[in-house]
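Coordinate analysis (summary)
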Amino acid sequence: MTTSSGQEESKKLQLYSYYRSSCSFRVRIALNLKGLDYEYKAVNLLKGEQHSPEFVKVNPIGYVPALVDGDILVSDSFAIVMYLEEKYPQHPLLPRDLEKRAINYQAANIVSASIQPLQNLDVLKYIEEKVGPDAKIPWVQKHIGKGFAALEKLLQNHAGKYATGDDVFLADVFLAPQIHGSIHRFNLDMKPFPLLSRLHEAYMQLPAFQDALPENQPDFPAT
Amino acid sequence: MEGSKAEEGNQTMKLYSHWMSSCSRRVRLALHLKGLKYDCINITSVGDPELLKVNPMGYVPALVDDTTVISDSYAILLYLDEKYPQYPLLPQDLSRKAINYQVASIVSSSIQPLQNTSLVNYIGEIVSPDEKIPWAQYHIRKGFVALEKLLTNYAGKYATGDEVYLADLYLAPQLDNAINRYKLDMTEFPLLSKLNKAYSELPSFQQMLAETQNLDADKIFGLVKKLAA
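We now turn to the structure provided with this report.

What counts and what doesn't
Every residue gets a number counted from 1 within its own chain, in the order that chain's sequence is written. Here chains are named by letter from A upward and ligands by number from 1 upward, in the order in which they appear as written. Local features in this predicted model are restricted to residues whose pLDDT is 70 or higher, and side-chain atom pairs enter the listing and the counts only when it is 80 or higher, whereas totals over whole chains, interfaces and linings include all residues. No hydrogens and no water enter the side-chain calculation; it runs on all heavy atoms of the structure. The helix and strand labels rest on DSSP assignments: H or I over at least four residues marks a helix, E over at least two residues marks a strand, and numbering proceeds from the N terminus. Note on classification: 1.4 Å probe, protein chains only; a residue is buried when its accessible area is under 20% of the maximum for its type, exposed when over 50%, partly exposed between these limits. Contacts are residue-level and defined by heavy atoms, with any inter-residue pair within 4.5 Å sufficient. All accessibility values rest on the Shrake-Rupley procedure with a 1.4 Å probe; residue burial counts only the protein chains present in the view. Each polar contact in these results corresponds to two N or O atoms within 3.5 Å; when the atoms are within protein, one needs to be able to donate a hydrogen and the other to accept it, and residues that are neighboring in sequence are counted only if both atoms are side-chain atoms. Once two parts are brought into contact, the accessible area they lose, counted with a 1.4 Å probe and summed over both, makes up the buried area. Any carboxyl oxygen of Asp or Glu that lies within 4 Å of a side-chain nitrogen of Lys or Arg is treated as forming a salt bridge with it. A cavity here means a set of points on a 1 Å grid, drawn over the protein atoms and nothing else, where a 1.4 Å probe fits but cannot get out; a pocket is an open set with protein on both sides within 12 Å along at least five of seven lines, and a residue lines either one if it has an atom within 4 Å of a point. Grid points are joined across faces, edges and corners, and a volume is the space filled by probe spheres set on the points. Residues are grouped as follows: Ala, Val, Leu, Ile, Met, Phe, Trp, Tyr, Cys and Pro are nonpolar; Asp, Glu, Lys and Arg are charged; all remaining types, including Gly, are polar. Strand pairing is assigned whenever DSSP detects at least two bridges linking the two strands. All axes are obtained by fitting lines to C-alpha atoms, using only the stretch in contact for helices, and the reported angles, taken between N-to-C directions, cover 0 to 180 degrees.

Now for the overall build of chain B. Regarding its fold elements, chain B presents 10 helices and 4 strands. When the helices and strands of chain B are read in sequence order from the N terminus, they spell out β-α-β-α-β-β-α-α-α-α-α-α-α-α. The burial tally for chain B puts 57% of its 229 residues in the buried class. Taking as baseline every contact in chain B between residues at least 6 positions apart, the subset at least 24 positions apart corresponds to 72%. With the model as given, the accessible surface of chain B reaches about 9500 Å², and the carbon-plus-sulfur share is 52%.

Here E131(B) shows up in the loop between helix 5 (117-126) and helix 6 (132-151). Residue E131(B) is classed as buried on the basis of its relative accessible area of 18%. In this structure the C-alpha to C-alpha distance between E131(B) and N121(B), which are 10 residues apart in sequence, comes to 9.7 Å. At 3.2 Å, the side chain of E131(B) and the side chain of K130(A) are in polar contact.

The next thing to look at is the interface of chain A and chain B. Listed as interface residues are 40 residues of chain A and, on the opposing side, 41 residues of chain B. Both sides together, the interface formed by chain A and chain B hides about 3400 Å², and carbon and sulfur atoms give 66% of it. In terms of surface lost to chain B, no three residues of chain A exceed L98(A), Q106(A) and Y126(A), which account for 15% of the buried area on that side. Applying the counting criterion to the chain A and chain B interface returns 4 salt bridges.

Residue and element names in this part refer to chain A. All chains considered together, the criterion is met by 1 cavity of 30 Å³ or more. By volume, the largest cavity is sized at about 30 Å³. In terms of lining, the largest cavity is formed by I29, V168, D172, V173, A176, Y203, L206 and F209. With 3 residues, the single largest contributor to the lining of the largest cavity is helix 7 (residues 170-184). Here the residues of the lining of the largest cavity sort into 7 nonpolar, no polar and 1 charged.

To continue, consider the pairing of strand 3 (residues 66-69) of chain A. All names here are of chain A. Of the two faces of strand 3, the one holding A66 and V68 and the one holding L67 and D69 are both buried throughout. Here 3 bridges tie strand 1 (residues 13-17) to strand 3, and the two strands are oriented antiparallel to one another. Counted as the bridge partner of Y16 is A66 from strand 3. Where strand 3 folds back on strand 4 (residues 72-75), the antiparallel hairpin that results is connected by 2 residues, among which G70 adopts a positive phi of roughly 65°.

Below, the discussion takes up the pattern of salt bridges. If you walk through the whole model with that rule in mind, you get 14 salt bridges over all chains. In this structure, the salt-bridge partner of E82(B) is R101(A), at a minimum N-O distance of 2.7 Å. Residue E82(B) is located in helix 3 (residues 73-83), and its partner R101(A) is located in helix 4 (residues 98-115); the two belong to separate chains. One salt bridge connects K83(B) with D65(B), and the closest N-O pair in it is separated by 3.1 Å. With a gap of 18 residues between them, K83(B) in helix 3 and D65(B) in strand 3 (residues 62-65) connect regions that are remote in the sequence.

So, about the sheet that holds strand 2 (residues 38-42) of chain B. Residue and element names in this part refer to chain B. Pairing is mixed in the open sheet, where 4 strands are placed in the order 2-1-3-4. Both edges of this open sheet fall to strand 2 and strand 4 (68-71), since each of them pairs with a single strand only. Each neighbouring strand pair of the sheet contributes to a mean axis angle of 15°, computed without reference to strand direction. As paired elements, strand 3 and strand 4 share 4 bridges and run antiparallel to each other. Bridge pairing links L63 to I70 in strand 4.

If you want it as structure tokens, here you go:
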């Protein structure tokens, strides 16, 4: 567990996070982009700590990531990011233009509804048990591939330096962890996805993204 | 399916929809609440060329508002709420607003994608046909357990108070699926059951949900298989 400097304890945001969770990764990026200090509270999803009495007391539904801002508790990465966007408007994560905003919402939801749920721990464990250990990777790659193909089409006419233009927005916050995980955890062949590959390279240059990487979190396992 | 006339000389919005899709239903409920006229174009097969022309990703629902094309129900709903602010889909209070986003996300990310018929059919193929219903029920139940807890301190007549908001647009179609398609035992979900009853008393919701009330799961799986063939 790490505490960051520069903010009074009572006012500090707390983020319950797991280093490897791409949903937690999204929120870490958003907090970094907005320059928000937070206290990192590790919850080991592999060990089932989200069901522990301590965590359930904080967040009765047991979901990670969860953000505590004074009296307010928000879980779910999209809800957290939208909450942060409204409460801490610095470095807006949504463009002003309504149509561009809609593209951001679409990209974020292709990741959060069409891709990520198919690769969560519970689902992968089921596939491993019911189909076989060799079925896990093909299963994940199939669903990521489908979502990535849709994203390539969606962003074709909108991408600039980043997903929807030359500024980092909501779409990038959701894309960056998904692309990173697909490459590093699931060995996805990125050749069919040239735009997403290019975006990945751009994200790797961003301090807000680098600081949020799984290997830079306090609960990343020491080798 | 609804047809409608153009409104005040503006191009009528078009909604590409699938009659069984709970994602399409969310959008149709919102359009109704906001009093927005639209042409509902029923897509009957995956890869429908008319849909692909408008939306290369082939996703439904897809909304065409003049030159703007948006797919994904969450994106459509937030777009509609910003462009047509009558009947706001989100409460002003930040905490209550966040609860609405959470409910929408729990349904759209944790439940719906894992119980949609094409995925369930796929599970039937790679594991066993007997696993289809248990798989769907498992994931719906998991999400419902979270929702039941989350809404405890917020629900009024509806999910997050006494007005219909975004959360309700997500819950109503999902509850319908859970109860009528997958026959989930709702005993452990008194709050969600109460909400389902409240939705059943709203004419707009009833109209939207009436279509598949009597179809059981196997019929639906069979229909989806035919559509995907």
